[in-house]
Amino acid sequence: MALRAALRQKCGLIGILSQPSSSGSHSRVSAVLVSQMRNNATSPKIKVDFNQSTGVAVLSMQSPPVNSLSLDFLTELCISVEKLEMDRACRGLIITSSLPKVFSAGLDILEMYGKSPERCGEFWRAVQEMWLKMYSSNMVTIAAINGSSPAGGCLLSLTCDYRIMSDNPRYSIGLNETLLGIVAPFGTDKNIIKNTHTCSN
Ligand SMILES: CCCCC/C=C\CCC/C=C/CC(=O)SCCNC(=O)CCNC(=O)[C@H](O)C(C)(C)COP(=O)(O)OP(=O)(O)OC[C@H]1O[C@@H](n2cnc3c(N)ncnc32)[C@H](O)[C@@H]1OP(=O)(O)O
């Protein structure tokens, strides 16, 4: 029931958020998705287990050492989510990490150093696409945060409807990217930590 209520509530949001973007920002992922489906390729950085009987998919991030959000990783993540969106049987999505100790270390720092302006633009568009796609998903989404989740990792969890974090004092979460001189736009951090529940490891 709770799942259904959350889904209904979310569908209202989607009406607003899924308006076609004038920038056409979703077209890159869709184009990649089409070509990947054609090639029937599988992704090594993301593992998806979909349970037909429950309608819930578990998406495990498995990009060692720290699930950093590189352009490739973000693209694969969006493709995986897009594939699940297209499956009407899939109602819920749990995002977690298959690495020990780390949910996601956030944006891949190597993407932000010594890259061409074009590549930087592509990278930041992919970041934007990721959080818009997650936030406007028609599935009920849950981040099962089973390790540290700084900066972009925190952002990823914020795009979900619910967050549950392992109760381990060695794990941290938060928007610490200001230490690197990256400033989150106003309003993105509302209700973050407040709505993050913890559970025993
Ligand atoms: C366009 C509009 C967008 C709207 C955006 C809205 C809001 C913006 C908010 C989001 C902004 C995000 C910016 C970022 O995410 S910047 C990245 C910030 N991340 C960090 O500062 C994390 C740094 N890492 C750590 O704290 C730790 O690594 C750890 C995740 C806690 C794990 O610790 P541990 O298990 O001890 O592992 P190591 O530290 O030894 O690292 C192993 C290995 O991984 C490399 N690495 C770590 N983090 C990153 C990273 N983010 N990117 C790339 N690589 C990373 C690390 O260098 C080690 O590599 P080597 O083994 O080769 O040394």
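Whatever comes next refers back to the structure up there.
Here the residue index of a chain counts from 1 through its sequence in written order. Two thresholds apply to this predicted model, a pLDDT of at least 70 for residue-level local features and 80 or more for giving and counting side-chain atom pairs, whereas whole-chain, interface and lining totals are computed over all residues. Excluded from the side-chain calculations are hydrogens and water; all other atoms, namely the structure's heavy atoms, are used.

*Asks:* Please clarify how the overall build of the chain should be interpreted in this entry.
*Replies:* Broken down by element type, the chain carries five helices and eight strands. Secondary structure follows DSSP: runs of H or I at least 4 residues long count as helices, runs of E at least 2 residues long count as strands, and numbering of each begins at the N terminus. Scanning the chain from its N terminus toward the C terminus, one meets helices and strands in the order α-α-β-β-α-β-α-β-β-α-β-β-β. Should any heavy atoms of two residues lie within 4.5 Å, those residues are counted as being in contact. Pairs at least 24 residues apart make up 72% of the contacts formed inside the chain by residues separated by at least 6 positions.

*Asks:* What exactly am I supposed to notice about the site of the ligand here?
*Replies:* For each residue, the test is whether any non-hydrogen atom lies within 4 Å of the molecule or strand; if one does, the residue is near. Taken together, 26 residues sit near the ligand, with Ala105, Leu107, Ile109, Ala151 and Gly152 positioned nearest. Alanine 105 places a main-chain nitrogen or oxygen 2.8 Å from a nitrogen atom of the ligand. Note on areas: Shrake-Rupley with a 1.4 Å probe; residue coverage comes only from the protein chains shown. For the ligand, whose unbound accessible area comes to 1200 Å², protein coverage reaches 63%. Mapped onto the shell around the ligand, the elements with two or more residues apiece are α4 (117-135) and α5 (152-158). Counting residues per element, the shell around the ligand draws most heavily on α4, which supplies three residues. Any pair of nitrogen or oxygen atoms within 3.5 Å is treated as a polar contact; in protein, a donor-acceptor pairing is required on top of that, and neighbouring residues in sequence qualify only through side-chain atoms on both sides.

*Asks:* Before we go on, may I ask you to explain unusual backbone geometry in this structure?
*Replies:* Negative phi values dominate among residues other than glycine, just as trans dominates among peptide bonds. In this chain, proline 64 is followed by proline 65 through a cis amide linkage whose omega measures 5°. Along the polypeptide, proline 65 turns up in the loop between β2 (56-61) and α3 (71-86). You will see that lysine 101, though not glycine, has its phi angle at about 75°, which is positive. Of note, lysine 101 is situated in the loop between β3 (92-97) and α4. You can call lysine 101 exposed: its relative accessible area is 54%. Buried means the residue's accessible area, taken with a 1.4 Å probe over protein chains only, is under 20% of the maximum for its type, while exposed means over 50%, and partly exposed covers the values in between.

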